[in-house]
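Observations on chain architecture
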Amino acid sequence: MIGGGAGGLITSSKLSAELSEEIKQEKVSITLFERAETQEFQPGYLEVAFRGTEPQKLRRPTEKLVSPGVKVVHAKCASLDLDNHQIVTEKNQEKYDFDYVVVSTGCSPDYSQTPGLREENMDFYTDADVSSRIYKTLQGIKSGRVVVGIAGLPYKCPPSPNEAAFMVDEYLRRHGIRKNVDITFVTPYTRIYTAEPINQVIAPLYSERDIESRTVFNTDSVDPVKKEISSLEGDTVKYDYLFLTPPHKPASFLKGTNYSDEDGWVKVDKLDMHITDHDFAFAIGDTNNIPTSKAGVEAHLEGIVVANNIAMNITGRGTKHLFTGRTQCSMETGFHDATFVVGTYDRPVEKIKPSKINYAEKKVMEHIYWGSLHGHYEWLFKYHFKQDYFSESPAKD
Amino acid sequence: MTTYNIDSRGTACPGPITDLIRSYRKAANGDMIILLATDPGVIPDAKSWCGATRNMLVDAKEKDGEYEVTIKVTAKK
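All figures in this text were calculated on a predicted structure; none of them were measured in a lab. (Residues numbered from 1 in each chain as written. Chains lettered and ligands numbered in written order. Predicted model: local features only at pLDDT ≥ 70, side-chain atom pairs only at ≥ 80, totals over all residues.)

**Digging into the overall build of chain A**
For chain A, the helix and strand inventory stands at eleven helices and 23 strands. By its C-alpha atoms, chain A is 65 × 45 × 35 Å across when sized along the principal axes. Classification of the 397 residues of chain A by burial places 49% in the buried group. In chain A, once contacts between residues fewer than 6 apart in sequence are set aside, the share between residues at least 24 apart is 65%. (Helix = DSSP H or I, 4+ residues; strand = E, 2+ residues; numbered from the N terminus. Buried ≥ 20, exposed ≤ 12 C-beta atoms within 10 Å, placed from the backbone. Contact = placed C-beta atoms within 7 Å.)

Here it is, written out as structure tokens:
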């Protein structure tokens, strides 16, 4: 396993459970490469940024999240050579051979694409500490214009820019200063939320809450002197405070390989996540190029499918599972209401009305998150998702 | 002039429009973007996008359940 985030942890946990006998007999070993000593609950960055949650509440030591039977190597991957079945780490250029490999290295903000953005922007994607800068800034706002939205594609957690708009609005209303502050949401898409059923749900809320939207705005650059964002077409938006979602990039060692696209996203089969032409190698979560949301829930569900299939190949037991593209992203719409973006490869996103029940459900998922990385709540995932995140393949290979 | 051939077949909204926007960012005025998709929403989305960005929709056609949209990049500053 390369990467110890949501995808890497659930995959290694499920593998260690499915292969416990083989691990005891020393026929199988599982190694997780993860450079960080602590992990963060990334969906919580919004709470840090817009509600002032302390960053440390989002952190857990990596070692405590790893299941028994999984060895952790705290090193960054320098290269992955699929032809020679070899990983090389940056630390001392150590080499590791493997029979199976799963890449789950996520993605991160790429400020290099947008001149001026890094200097002016505060985001809720980099880490919890960076997110906390937004809350400190919010506390000082008396008047002006806050600009939120999407500065480039792709990015992780599709609903999060809209959630930011709603949560800024909530903060300003709760503090009695909303009338002094304009909020503008920018997006390169043709709608406020790109999927029409969800757009129909949230566009009226933008009108009700007096949040201005600038659709089809392709952010090109930010001018820190003029306090102005320019689009590729030369249109501009003024700002006083900028909380934009930057475009994201995959881990650097993936770019330029023969198994990734020109931007470094790993090319995989969308049903079983095997890397093109390599049936022993897989990429899950944000780092692959399948047409689903870049979100933790995807990494989790894909990880369960991949772990099942690797265990099946090793033991000869069970059936092969195929991922359906199921997504389940919560979208907070402010004041403790939420909707969900739910769909599969074959089933369009549903129109779900925001409610307090949905918000409570989102909170339940937050509370079980750390335990879910050990695979403790797989029964709940199967029940909640009605098992439609995988189908069973008639063939065993 | 460069032609960007984008294959978004098998992806539902927002796949095709996301692929279009990512290619557009790399393109220059005069370049062509040819977008293949199976999602029927691609044609109204592309028309709306071209109208709003002031790029030129050259062609949009359907054949055997697949859609091909051709756009000439004209609106970059």
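Past the structure itself, the notes keep going.
**Description of the overall build of chain B**
Per the secondary structure count, chain B includes two helices and four strands. Secondary structure elements of chain B occur, N-terminal to C-terminal, as β-α-β-α-β-β. Radius of gyration (C-alpha) of chain B: 11 Å, near the 11 Å computed for a compact globule of 77 residues. Taking the principal axes of the C-alpha coordinates as reference, chain B spans close to 35 × 20 × 20 Å. A total of 77 residues make up chain B; the buried ones form 38% of that total. Long-range contacts, defined as pairs at least 24 residues apart, comprise 58% of the intrachain contacts of chain B with a sequence gap of at least 6. (Rg over C-alpha atoms; globule rule 2.2 N^0.38 Å.)

**Side note on the sheet that holds strand β13 (residues 219-223) of chain A**
All names here are of chain A. Taken in spatial order, the three strands make up an open sheet running β13-β14-β15, and their pairing is antiparallel. Where the open sheet ends on each side, the last strands, each with one partner, are β13 and β15 (236-238). Neighbouring strand axes in the sheet, compared pairwise and without regard to direction, differ in orientation by 20° on average. Pairing of strand β14 (residues 228-231) with β15 involves three bridges; the strand directions are antiparallel. The partner of Ile 229 across the bridge, within β15, is Val 237. (Pairing = 2+ DSSP bridges. Axes fitted to C-alpha atoms, helices over the stretch in contact; angles between N-to-C directions.)

**Observations concerning the interface of chain A and chain B**
It is common to give the size of an interface as the accessible area that goes away when the parts come together. Taken together, the contact pairs 15 residues of chain A with 19 residues of chain B. Looking at the side of chain A that touches chain B residue by residue, the classes come out as nine nonpolar, five polar and one charged. (Nonpolar A, V, L, I, M, F, W, Y, C, P; charged D, E, K, R; others polar.)

**Considering the packing of helix α1 (residues 6-18) of chain A against helix α9 (residues 296-315) of chain A**
Residues and elements named next belong to chain A. Relative to each other, α1 and α9 sit at 30°, their axes nearing to 8 Å. Classified by the angle their axes make, α1 and α9 are roughly parallel. Here α1 and α9 pass one another in a crossing that is right-handed. Where α1 approaches α9, its residues Ala 6, Gly 7, Ile 10, Thr 11, Lys 14, Leu 15 and Glu 18 are matched on the opposing element by Gly 296, Ala 299, His 300, Glu 302, Gly 303, Ile 304, Val 306, Ala 307, Ile 310 and Ala 311. Classifying every residue of the contact of α1 with α9 gives nine nonpolar, five polar and three charged. (Parallel < 35°, antiparallel > 145°, perpendicular 65-115°, else oblique. Left-handed = near helix turned anticlockwise from the far one by under 90°.)

**Some thoughts on the packing of helix α1 (residues 15-26) of chain B against helix α2 (residues 42-53) of chain B**
Residues and elements named next belong to chain B. Where α1 contacts α2, the axes come no closer than 9 Å and their chain directions differ by 35°. Note that α1 runs across α2; the crossing there is right-handed. Side by side, α1 and α2 meet where Pro 16, Ile 17 and Leu 20 of the first sit next to Val 42, Asp 45, Ala 46 and Trp 49 of the second. In terms of residue class, the contact of α1 with α2 is made up of six nonpolar, no polar and one charged.

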